[in-house]
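Examining the three-dimensional arrangement
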Amino acid sequence: MLLKSLLLSALPLYASAASLVDTLVGDARFSTLTGLATQYPQLIDALGKNDVTVFAPTNAAFEGVSTEGLDVARIVGYHVLTGNKFIPGPVQSTHGADRFFVKTSIDQVLPVRVASDSVTVGNNIKVTESLPADNGVVHVIDSILLPPGNASTVLAAEAPALLKLLESVQVNPDVLKGVTIFAPSDESLTALQNSGANLTTGVVTSVLNLHIVPKTIYSTDIIPNTGAPLANNTKLETALDDDELTSISVSTTPEGAVLLRGAGNTEDVTVTKTDLLFNGGVIHLIDNVLLPKITADGKVEGVHDKDDDPNAPVKPDLDDDNVQGEVSGAVSVRSSACLIAVAGLVSALW
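Described in the following lines is the structure provided in the data block. Because the structure is predicted, anything quoted here is derived from the model rather than measured. Residue positions are counted from 1 within each chain, in the order its sequence is given. Whole-chain, interface and lining totals are the exception, using all residues; otherwise, since this is a predicted model, local features are given only for residues with pLDDT of at least 70 and side-chain atom pairs are given and counted only at 80 or more. Think of the side-chain values as coming from all heavy atoms in the structure, minus any hydrogens and water.

**Observations concerning the pairing of strand E11 (residues 248-252)**
Type-normalised accessible area, obtained with a 1.4 Å probe on protein chains alone, sets the label of each residue: buried when under 20%, exposed when over 50%, and partly exposed for intermediate values. Secondary structure is summarised from DSSP: a helix means a run of H or I of at least four residues, a strand means a run of E of at least two, and numbering begins at the N terminus for each. Most of E11 sits inside the fold, with five of its five residues counted as buried. Neither face of E11 is exposed, since Ile248, Val250 and Thr252 on one face and Ser249 and Ser251 on the opposite face are all buried. Sheet analysis places strand E10 (residues 234-236) next to E11, joined by three bridges and oriented antiparallel. Following the sheet pairing, Lys235 is matched in E11 by Ser249. Any two strands with at least two DSSP bridges between them are considered paired. The sheet contact formed by E11 and strand E12 (residues 258-262) spans five bridges and is antiparallel. Bridging from a neighbouring strand, Thr252 pairs with Val258 of E12. Linking two consecutive strands that pair antiparallel, namely E11 and E12, is a turn of five residues; a positive phi of about 100° is found at Gly256 within it.

Listed below in structure tokens is the structure:
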């Protein structure tokens, strides 16, 4: 019933509906939000466009929150979708809820979950009411939405040991953008160390590159709300390369599990946690290490030629669009110095 009331209230029932700005300014519940927005002309301009969605926190959501040191324009902008009048329809998914990743006005995605009895955004924040406007819709929420942080923030929460190791070799994990990272568990890295494989620098950097896909892939790109899942054994290009030996394959099970394999994996690698957003893309946790085919002399099939030095680091095959800055020490992420630092990371791991 709640979802039905949200849907009905969000429909443009009256041709004389007020604009988004008038709707927000005219409702005393949003005085804090509008007071912040008026400090930034670009936000007011965005609210004046057609087909705009605002997830509007009430005044109560701001109580006890200090804006000191925060990028207020970025935070407020994360509550606004331009060119997307988002009115959730009936649930289509057979998994109990529809999931969406919608782009906000600050070019960061916001997760939205539509169930039969609720609509939630961000970190399970409920939409309590929807207000129609003549150029969009306002969805009322009782908490503030925070944009995704950088990769190191996610790692601190989900993989602190890996973050510590990255920092110990002065590799900045926050330089990638528009990528998907499949992050293996600490236990699987230890198992690889003890596997007896010839873990040359070329092998190690190849393994790391295999875990980076140079585009963002959310869980809904693999198992959509409607229609068939991604075809089994679909190949994904990686930062190692895009041929048969240097890509990874994706499959799904009828129960909704997502399985991965590299050319060197003899068993499936299972995705254990999905859609950990950071400002450069998305991270999915996996229970094992993705592997290329490793030869006895410490080379990688499809990467090394006969005369290549197996101890030379393998450069990640990434476009400039996938890099957003420099590692600490003003070393480009694509430079040899950075790759040597990555090799140092693996030496610390193994």
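**Re a negative patch on the surface**
Residues with no salt bridge and a relative accessible area higher than 30% make up the patches, which join like charges within 9 Å and nonpolar side chains (Val, Leu, Ile, Met, Phe, Trp, Tyr) within 5 Å. Note on areas: Shrake-Rupley, 1.4 Å probe, and residue coverage restricted to the protein chains presented here. The term salt bridge refers to a side-chain nitrogen of Lys or Arg lying within 4 Å of a carboxyl oxygen of Asp or Glu. Under the counting rule used here, the positive set is Lys and Arg, the negative set is Asp and Glu, and His together with the chain ends is not counted. We put the charge of a Lys on NZ, of an Arg on CZ, of an Asp on CG and of a Glu on CD. There is a patch of like negative charges on the surface, built from Glu237, Asp242, Asp243, Asp317, Asp319 and Asp321. One can find Asp242 in the loop between E10 and E11.

**Quick word on helix H9 (residues 186-193)**
All of the buried residues along H9 are Ser188, Leu189 and Leu192. Each buried residue of H9 lies within a common arc of 105° when the element is viewed along its axis, so the set occupies one face. Of all possible arcs, the one meant is that of the directions from the helix axis to the C-beta atoms.

Structural measurements only, silent on function.
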